[in-house]
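Topology and contacts: notes
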Amino acid sequence: MSRTADVELRNVSKVFDNSVVAVDNVSLEIEQGEFFSLLGPSGCGKTTTLRMIAGFEMPTSGEISIEGRPMGETPPFRRNVNTVFQNYALFPHMTVAENVAFGLRMKRIPRDEIARRVREALQLVRLGGFEDRYPRQLSGGQQQRVALARALINRPRVLLLDEPLGALDLKLRKEMQLELKHLQMTVGITFIYVTHDQEEALTMSDRIAVMNAGRVLQVGTPLEIYERPSSRFVADFIGESNFLDGRVVDLNGQRATVVVDDRVPVPARAQDGLAIGEQVTVAIRPEKIRLRSLGTEGADGCVRGRVEEIVYIGTDTYYLVRLTDRCTVRVRVQNSQNRLDSSETIGHGEEVLLSWLPETAMVLKT
Amino acid sequence: MALAERVETPSPPPANLATRLVDWVRRRSGVKLSLVLGPGAFWLLVFFLIPLGVVLAYSFASRGAYGQVIWRLTLENYTRFFDWLYIRVFLVSVWIALLTTVICLVIGYPFAFVMARVPRRWRNALLVLVMVPFWTNFLVRTYAIMLLLRNEGLINSALRWLGIIEQPVTMLFTTFAVVLGLVYGYLPFMILPLYASIEKFDFTLVEAAQDLGANTWQVFTRVMLPLTMPGVVAGSILVFIPSVGAFVTPDLLGGGKVVMIGNLIQQQFLTVRHWPFGSAVSFVLMAIVLISTMAYFRVGGERRV
């Protein structure tokens with residue numbers, strides 16, 4: 001299947017009147033039929049990026065192309081994209097059916113076709129029978145689905161979604177995540193999804209662009225983003241990470257050894273361009289670390305530490321392990337045994353051995 | 001049991017007369033209600049309903065030879081109104097009031113829109129700008145307009161000095177002058193309710209409509225106007241009602257050449273001394289206002305928002 005870029009941003013920047021740089025030289029290629037997420041903390045420029053694709057804001061510099069056509073100053077109503085707004089922005093004076101039909105009315109499509117497509121669109125979002133209700137008579141989740149139907153009925157090339165699940169409660173949000181993903185696969189439209197919720201992005205996206213302070217830090221599949229974060233920010237923002245500052249002392253093919261606090265050597269995955277003696281940060285995720293009692297003799301590559309804190313959270317147990325005076329590591333161990341019965345538990349203050357596969361620890365340049 | 005309860009309730013603090021009175025009022029909702037509504041109701045009864053009843057009674061009475069009211073009941077005052085002479089006055093009044101309302105709406109909507117959209121610190125400045133005319137007496141302001149519009153007034157002098165015209169353009173004592181005066185006087189009553197409506201309007205709906213393919217005109221007619229209709233209705237009513245019954249403005253700026261219902265009533269009471277006919281015309285005016293307001297609500301106000 002040959003894929004073409006549906007939306008392309010080339011060196012796009014947005015500087016607002018008050019000289020705030022909201023988006024700083026962003027380049028992205030979003031492929032046809034892709035579920036693409038812009039992920040970042042609030043104020044990172046993800047919504048501004050989306051609004052520029054929609055045409056509500058014009059880039060200060062750079063070029064946005066949709067379906068290969070440069071958009072320039074094209075107003076929103078001449079772009080083949082539709083938006084699902086954060087607060088849904090349903091028209092309060094119109095019924096559900098009138099809301100959904102709005103886009104087709106503007107295009108002067110015959111009445112009977114509008115009626116048929118409204119019915120289809122509402123069926124698609126499982127809201128058949130709600131045609132004559134007003135938005136205020138619907139729950140948040142239902143309003144959300146009306147907003148989706150109202151956008152999708154226009155059969156846009158690209159659907160833009162601005163934190164569409166932000167106002168829903170957790171359980172409904174999880175349901176809607178799967179439903180959205182399913183819907184996207186059904187209609188085959190490119191989705192560009194803005195969110196600050198990393199779990200949401202990981203669950204639904206084909207690819208994610210992680211943004212911070214107006215810049216795109218990393219673009220990749222959820223797997224790549226999670227397993228191979230390229231910067232400390234990404235490693236920290238998506239999931240949890242331990243960060244160990246140290247110096248490279250040994251390089252051996254795929255494997256690097258970094259000495260933390262001049263005392264503790266830790267293994268990590270080497271990356272290109274790394275030099276011995278370089279100051280780096282090793283990022284290691286809590287669930288990648290194995291924890292054993294000191295008694296069981298370990299192989300080389302193990303790190304010694306002392307358990308300082310134990311937090312039981314049901315599915316897992318967190319251990320806070322001190323390696324050196326300045327350095328602690330969080331370890332997440334899945335509770336595969338019943339901890340009430342298990343005799344072999346690690347206790348508070350106990351000396352332990354930590355180990356991990358070197359390729360699970362990322363070396364990040366500082 | 002009853003005794004135990006009495007022991008448990010804390011004894012009330014030593015109350016003086018005032019706090020006991022307040023307590024008593026609080027406990028009786030009927031008393032509270034009449035205290036809240038009483039003054040207003042009293043005012044309306046004495047200064048509105050009773051005089052209205054007197055006028056209604058007069059409208060069925062007859063005029064004596066010397067202008068006194070004679071209690072010979074008749075419908076003549078009402079039938080007399082259907083003379084073309086008076087129907088014309090009625091039509092002119094409604095026409096002028098409608099024109100005033102539409103012009104106020106056309107000027108007021110963009111102004112209110114801008115007022116609702118500019119940064120907050122500018123809003124108050126614009127709001128003050130709308131209010132400033134109220135700081136000066138209405139009569140003084142109307143005389144000022146006369147000075148502007150006169151044949152030797154500022155506008156004509158300026159136009160002549162610029163060589164645009166040779167003979168002065170007659171502006172004073174025309175329908176134009178009356179409408180100008182009314183628009184000037186009642187524009188704030190249009191702007192303020194419009195502003196209140198537009199300020200509440202959610203502007204992301206504009207983006208939503210644009211996103212769905214609506215151009216600027218469609219955004220306005222399909223989304224913005226329907227959702228700000230309460231302000232349009234309120235403003236229009238607030239302008240139309242005083243305009244249709246105006247008498248100072250047509251008197252001064254119309255100079256007796258533009259006669260509105262208000263002038264007719266004034267003449268009947270003060271000049272002609274035919275109080276019964278004046279009363280009847282007053283009631284006709286009330287009926288016009290009532291009917292047109294209700295019709296307007298039917299058209300514009302019933303949209304569900």
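Starting from 1, residues in each chain are numbered consecutively following that chain's sequence as written. Whichever chain is written first is A, and whichever ligand is written first is 1; the rest continue in order. Local features are withheld for residues below a pLDDT of 70 in this predicted model, meaning they are given only at 70 or higher, and side-chain atom pairs are given and counted only at 80 or more; totals for whole chains, interfaces and linings count all residues.

Basically, it comes down to this: UniProt positions are given in the numbering used here, feature names are shortened, and annotations may be inferred rather than shown by experiment.
The name an unreviewed UniProt entry assigns to chain B is ABC transporter permease, from the organism Thermalbibacter longus. The UniProt entry for chain B carries this comment under Subcellular location (unreviewed entry): "Cell membrane". Within the UniProt record for chain B, the comment given under Sequence similarities (unreviewed entry) is "Belongs to the binding-protein-dependent transport system permease family. CysTW subfamily."

By the naming in an unreviewed UniProt entry, chain A goes by Spermidine/putrescine import ATP-binding protein PotA and is assigned to Thermalbibacter longus. Its UniProt record, at the heading Catalytic activity (unreviewed entry), says of chain A: "ATP + H2O + polyamine-[polyamine-binding protein]Side 1 = ADP + phosphate + polyamineSide 2 + [polyamine-binding protein]Side 1." Annotation of chain A in UniProt includes, under Sequence similarities (unreviewed entry), the sentence "Belongs to the ABC transporter superfamily. Spermidine/putrescine importer (TC 3.A.1.11.1) family."

Here we look at the interface of chain A and chain B
Many authors give the size of an interface as the accessible area that is lost as the parts come together. Just so we agree on the cut-off: Contact definition: two residues whose C-beta atoms, as placed from backbone geometry, lie within 7 Å. Only DSSP runs of H or I with at least four residues qualify as helices, and only runs of E with at least two residues qualify as strands; both kinds are numbered from the N terminus onward. Each residue receives one of three labels: charged for Asp, Glu, Lys and Arg, nonpolar for Ala, Val, Leu, Ile, Met, Phe, Trp, Tyr, Cys and Pro, and polar for the others, Gly being one of them.
Between chain A and chain B, the residue contacts involve 18 residues of the former and 17 residues of the latter. When residues of the side of chain A that touches chain B are traced back to their parent elements, those giving at least two are strand 6 (81-84) and helix 2 (96-106) of chain A. Sort the elements by how many residues they give to the side of chain A that touches chain B and helix 2 of chain A lands first, with three residues. Of the residues that constitute the side of chain A that touches chain B, the class distribution is 10 nonpolar, six polar and two charged.

Some details on the domain arrangement of chain A
Residue and element names in this part refer to chain A. Our working definition: Each domain span listed reflects an automatic or database assignment of domains.
You can read the domains of chain A as domain 1 (5-236) and domain 2 (240-365). On a C-alpha basis, the centres of domain 1 and domain 2 stand 39 Å from each other. Contacts between the two partners involve six residues from domain 1, matched on the other side by six residues from domain 2. For the side of domain 1 that touches domain 2, the per-class residue count stands at two nonpolar, one polar and three charged.

Section: the UniProt feature "domain: ABC transporter" (unreviewed entry) in chain A
Sites flagged by UniProt as "domain: ABC transporter" (unreviewed entry) map to residues 7-238 of chain A. Here residues 7-238 of chain A is 36% helix and 26% strand, with 25 Å between the C-alpha atoms at its ends.

What to know about the packing of helix 10 (residues 204-211) of chain B against helix 11 (residues 216-227) of chain B
Residue and element names in this part refer to chain B. We apply this condition: A fitted line through C-alpha atoms represents every axis, and for helices the fit uses only the stretch in contact; the resulting angles, taken between N-to-C directions, go from 0 to 180 degrees. An angle counts as roughly parallel when it lies under 35 degrees, as roughly antiparallel when it exceeds 145, as roughly perpendicular when it falls between 65 and 115, and as oblique in every other case. Here a crossing is taken to be left-handed if its near helix is turned anticlockwise relative to the far helix by less than a right angle, and right-handed if that turn runs clockwise.
Direction vectors running N to C along helix 10 and helix 11 enclose 135°, while the axes themselves pass 10 Å from each other. Judged by the inter-axis angle, helix 10 sits oblique to helix 11. In terms of crossing hand, the pair formed by helix 10 and helix 11 is right-handed. Across the interface between the two elements, Leu205, Val206, Ala209 and Gln210 from helix 10 touch Val219, Arg222, Val223 and Met224 from helix 11. Per-class residue counts for the contact of helix 10 with helix 11 are six nonpolar, one polar and one charged.

Points about the UniProt feature "domain: ABC transmembrane type-1" (unreviewed entry) in chain B
The positions that UniProt labels "domain: ABC transmembrane type-1" (unreviewed entry) are, in the present scheme, residues 90-296 of chain B. Helix makes up 78% of residues 90-296 of chain B and strand 0%, whereas the separation of the span's terminal C-alpha atoms amounts to 18 Å.

Quick look at unusual backbone geometry
Residue and element names in this part refer to chain A. Residues other than glycine seldom take positive phi values, yet Glu67 does so here, at roughly 55°. Mapped onto the fold, Glu67 is located in the loop between strand 4 (61-66) and strand 5 (69-70). Positive phi outside glycine occurs at Asp261, with the angle close to 55°. Of note, Asp261 is situated in the loop between strand 12 (255-260) and strand 13 (264-269).

Digging into the environment of A:Arg150
Along the polypeptide, A:Arg150 turns up in helix 4 (residues 140-152). Put simply, A:Arg150 and A:Val100 are 50 residues apart on the chain and 4.0 Å apart in space, counted from C-alpha to C-alpha. Contact partners of A:Arg150, with chain neighbours within four places excluded, come to A:Asn99, A:Val100, A:Phe102, A:Gly103 and B:Leu212.

A look at the pairing of strand 4 of chain A
Residue and element names in this part refer to chain A. Definition in use: Two strands are said to pair when DSSP picks up at least two bridges between them.
Two elements, strand 1 (residues 5-15) and strand 4, share five bridges in a ladder whose sense is antiparallel. Counted as the bridge partner of Leu9 is Ile64 from strand 4. Bridge count for strand 4 against strand 5 is two bridges, and the pairing is antiparallel. Its bridge partner being in strand 5, Ser65 is matched across the sheet by Pro70.

Details of the UniProt feature "transmembrane region" (unreviewed entry) in chain B
All names here are of chain B. In this numbering, the UniProt entry assigns the feature "transmembrane region" (unreviewed entry) to residues 35-61, 85-114, 126-149, 169-195, 227-248 and 277-297. In residues 169-195, helix accounts for 78% and strand for 0%; the two terminal C-alpha atoms are 36 Å from one another. Between the end C-alpha atoms of residues 277-297 there is a gap of 30 Å, over a span that is 100% helix and 0% strand.

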